[in-house]
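# Coordinates in review
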Amino acid sequence: MANLDIAQVRTEEAPKLPAPVSTTGVIGWMRQNLFSSIGNTVLTVIGIYIAYSLIAPFIQFALIDAVWTGENREACLPKDGQHAGACWAYVKAYFPQFIYGRYPTEEVWRVNIVYFLFAALLIPLAMPSAPFKRTNALLFLVVFPIIAYFLLTGLVIGGNVILPVVETAQWGGLLVTLVIAVTGIVASLPLGIALALGRRSKMPIIKLVSVIFIEFWRGVPLITVLFMSSVMLPLFLPEGVTFDKLLRVLIGVTLFSAAYMAEVVRGGLQAIPKGQYEGAMALGLRFWPMMYLIILPQALKLVIPGIVNTFIGLFKDTTLVLIVGMFDLLGQIQSSFTDPTWSTPSQGHTGYLFAAIVFFVFCFGMSRYSIFMEHKLHTGHKR
Amino acid sequence: MTENAVRDDLAADRSRMQISETDVAVEITNMNKWYGDFHVLRDINLKVMRGERIVICGPSGSGKSTMIRCINRLEEHQKGNIVVDGIELTDDLKKIDEIRREVGMCFQHFNLFPHLTILENCTLAPIWVRKMPKKEAEEVAMHYLERVKIPEQALKYPGQLSGGQQQRVAIARSLCMNPKIMLFDEPTSALDPEMIKEVLDVMVGLAEEGMTMLCVTHEMGFARKVANRVIFMDAGQIVEQNEPEPFFTNPQHERTKLFLSQILHH
């Protein structure tokens with residue numbers, strides 16, 4: 001222990017100094033993340049170049065060269081020597097069709113009310129600080145679907161036409177996309193949870209049924225499900241019994257995504273330590289209160305990314321209904337390409353760009369909201 | 001203090017804790033349990049009177065945790081009888097519920113619910129199992145949180161508390177159900193020395209109030225101070241049981257001697 005003599009011992013507290021400038025602020029960040037070595041600097045420069053060469057033409061097309069107003073294709077035709085930009089005038093002209101499909105124009109107010117109610121109920125439900133959550137959820141999950149059903153399909157009481165019937169074949173555009181996506185999302189989550197619990201059940205029959213259900217629906221492609229429901233199902237039904245096509249699609253999509261949801265939720269259930277079950281049981285909680293109060297809140301929180309993943313997948317899969325002859329947003333846009341009034345070289349690009357933007361807004365919104373909720377529900381137990 | 005004085009002091013402590021002569025809290029007769037082919041508990045017989053404080057020790061894998069977990073049916077026994085508070089444990093879910101309502105349990109890893117605040121952890125069972133009004137449940141919870149000396153943490157989440165604090169919350173959570181019997185499954189094994197003391201203090205307090213306790217623990221100081229009986233288990237059997245003083249000073253069984261020499265002289 002001879003070294004002890006020369007060991008340094010502080011007699012007064014060392015001053016707290018600010019960090020060197022080169023490690024903080026924008027410059028510090030860039031140094032650390034973009035230019036920390038020659039290799040990284042080269043990659044940064046290449047990256048900036050690639051980003052520029054992709055984004056610049058896009059902005060040129062979508063904004064600078066774009067045509068914003070016009071009555072027909074004349075406005076959007078390339079002028080001599082110029083590139084044709086996005087034809088937003090065409091989207092403007094077709095906008096009602098993209099949003100409502102072939103829903104009768106004089107009845108469109110009904111769809112608007114449904115859109116409005118949907119937003120008015122969903123937004124406070126999604127805000128953690130908004131009051132009356134229970135009432136709000138009840139309105140959204142029970143009252144709203146009933147009102148929406150009658151508003152959209154029509155209401156006839158004893159021969160008196162209160163709201164004229166609109167066949168679902170006339171629905172289209174964003175309306176169909178949202179009806180399928182929202183119904184699928186809202187119905188598949190509880191169904192998926194039930195299946196996940198069923199698959200982990202100790203009761204053999206419940207377990208077997210759940211496993212068969214999940215494996216069957218995961219084993220077939222959604223296109224097959226849609227085809228079967230619209231082409232094959234009528235063959236099995238007795239003559240005269242008909243099912244609305246949209247309803248069949250809704251059921252198909254819901255069951256399909258419920259199977260995926262079940263596996264996502266099961267993953268969450270498996271991540272909950274056994275001690276949580278034991279803690280709950282030792283307090284005298286029975287199975288359902290234990291699941292509802294202790295296990296599911298934690299399991300679902302863990303798998304929020306997976307759940308939202310399934311939701312987003314479902315949202316985008318709604319475009320597949322085109323193959324059974326229904327026109328969702330994308331289908332409606334594609335069908336508008338046949339209209340000679342707006343036939344220009346940039347029509348297709350503009351239409352698909354519009355579809356991409358609308359889908360992106362919805363999916364990105366779901367994604368950001370899920371991240372927000374993850375932070376909100378984080379109670380600091382990951383230490 | 002001389003050793004004799006300490007002994008007298010301990011004896012005085014213990015004499016304050018009343019043990020009922022007639023009232024049986026837990027009675028286990030000829031209980032056997034298997035995990036698959038493995039015979040974990042062999043012919044266990046144990047009678048616990050109301051007010052008794054029993055410390056169960058033994059090497060790991062000896063079945064001590066399994067035994068106390070059988071008492072509130074976290075584990076199922078295959079042969080023999082367990083009667084808790086006059087109710088026989090069978091497959092009858094109603095009876096299991098009744099027993100779990102009367103038996104509190106604390107675990108090695110606390111098993112608090114991380115998504116609920118401390119207060120919610122404590123009020124959950126009274127509200128959902130005992131159907132107590134929320135306000136009353138909160139009053140009860142605050143009372144017990146004060147008992148374990150952490151009322152100021154009531155609105156925090158378990159993840160924000162130290163291990164010792166969490167275990168004290170776990171004890172308070174059990175007490176909110178007003179249990180007749182408390183089971184402790186190595187409550188201090190996951191804690192560092194400073195925290196062990198704060199948890200043991202709470203447990204000593206409980207014992208002084210006459211709570212019937214079964215503790216799986218290796219805290220021999222606690223056993224000397226609080227227990228009226230120490231049980232030594234090995235290989236799924238109760239090998240030896242005695243009052244703490246003779247148990248520690250004069251163990252009868254070879255296996256007990258070996259175990260005690262290992263944990264007392266390290």
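This is a predicted model, so every value here is computed, not measured. (Residues numbered from 1 in each chain as written. Chains lettered and ligands numbered in written order. Predicted model: local features only at pLDDT ≥ 70, side-chain atom pairs only at ≥ 80, totals over all residues. Heavy atoms only, no water.)

### A short note on the overall build of chain A
The cut-off we apply is this: Only DSSP runs of H or I with at least four residues qualify as helices, and only runs of E with at least two residues qualify as strands; both kinds are numbered from the N terminus onward. When a residue's accessible area, from a 1.4 Å probe over protein chains only, is under 20% of the maximum for its type it is buried; when over 50% it is exposed; and in between it is partly exposed. Note on definitions: a residue-residue contact is assigned when non-hydrogen atoms from the two residues lie within 4.5 Å. Here the open area of atoms and residues is found with the Shrake-Rupley method and a 1.4 Å probe, where only the protein chains shown may cover a residue. By the counting scheme adopted, Arg and Lys are positive, Glu and Asp are negative, and His together with the chain ends is not counted. Think of each charge as sitting on NZ of Lys, CZ of Arg, CG of Asp or CD of Glu.
Helix and strand counts for chain A stand at 15 helices and two strands. In terms of its C-alpha atoms, chain A occupies a principal-axis envelope of roughly 105 × 75 × 40 Å. Counting across all 383 residues of chain A, residues that qualify as buried make up 38%. The contacts of chain A with a sequence gap of at least 6 include a subset with a gap of at least 24, amounting to 69%. When the accessible surface of chain A is summed, it comes to about 22,700 Å², and 70% of that surface belongs to carbon and sulfur atoms. Both charge centroids of chain A, one from 26 positive and one from 19 negative side chains, sit 12 Å from each other.

### Comments concerning the domain arrangement of chain A
Quick reminder of the rule: Domain borders in the structure are assigned automatically or taken from a domain database.
Segmenting chain A into domains produces domain 1 (22-64) and domain 2 (88-378). The distance between the C-alpha centroids of domain 1 of chain A and domain 2 of chain A comes to 39 Å.

### A few points about the pairing of strand β9 (residues 229-234) of chain B
Residue and element names in this part refer to chain B. Selection criterion: Pairing between two strands is assigned when DSSP locates at least 2 bridges connecting them.
Counting buried residues in β9 gives six out of six residues, a clear majority hidden from the surface. Note: strand β3 (residues 53-57) against β9, four bridges, orientation parallel. The residue bridging cysteine 57 from the neighbouring strand is phenylalanine 232, located in β9. Where β9 lies against strand β10 (residues 237-242), five bridges are found, and the strand directions are antiparallel.

### With respect to the state of the cysteines
Residue and element names in this part refer to chain A. As a reminder of what qualifies: The disulfide definition used here is simple: a pair of cysteine sulfur atoms within 2.5 Å.
Using the criterion set out here, one finds one disulfide over all chains in the structure. Across the disulfide, cysteine 76 is cross-linked to cysteine 87 (sulfur-sulfur distance 1.8 Å). On the sign convention where negative is left-handed, the bridge of cysteine 76 and cysteine 87, at about 70 degrees about the S-S bond, is right-handed. With cysteine 76 in helix α3 (residues 73-76) and cysteine 87 in the loop between α3 and α4 (88-100), this pair connects stretches of sequence that are 11 residues apart. Pair check on accessibility: cysteine 76 and cysteine 87 agree, each one buried.

### A short note on the environment of Ala120(A)
All names here are of chain A. Checked against the element boundaries, alanine 120 lands in helix α5 (residues 108-126). Relative accessible area serves as the criterion here: at 35%, alanine 120 is assigned to the partly exposed category. In this structure, the C-alpha to C-alpha distance between alanine 120 and alanine 271, residues 151 residues apart in sequence, is 36 Å.

### Focus on helix α4 (residues 118-128) of chain B
Quick reminder: α-helices carry 3.6 residues per turn. Residues three or four places apart thus point the same way. Summarising burial for α4(B): eight of the 11 residues are buried, a large majority. Of the residues making up α4(B), those classed as buried are Ile118(B), Leu119(B), Asn121(B), Cys122(B), Thr123(B), Leu124(B), Ala125(B) and Pro126(B). Against α12 (287-302) of chain A together with α5 (134-147) and α6 (163-175) of chain B lie the buried residues of α4(B).

### With respect to unusual backbone geometry
The general pattern is negative phi for most residues beyond glycine and trans for most peptide bonds. Residues and elements named next belong to chain B. If you check the backbone angles, arginine 73 has positive phi at about 65 degrees while not being a glycine. Within the secondary structure, arginine 73 sits in the loop between α2 (64-71) and β4 (79-84). You can call arginine 73 buried: its relative accessible area is 11%. In the Ramachandran plot, asparagine 178 falls in the positive-phi region, its phi being about 55 degrees despite a non-glycine side chain.

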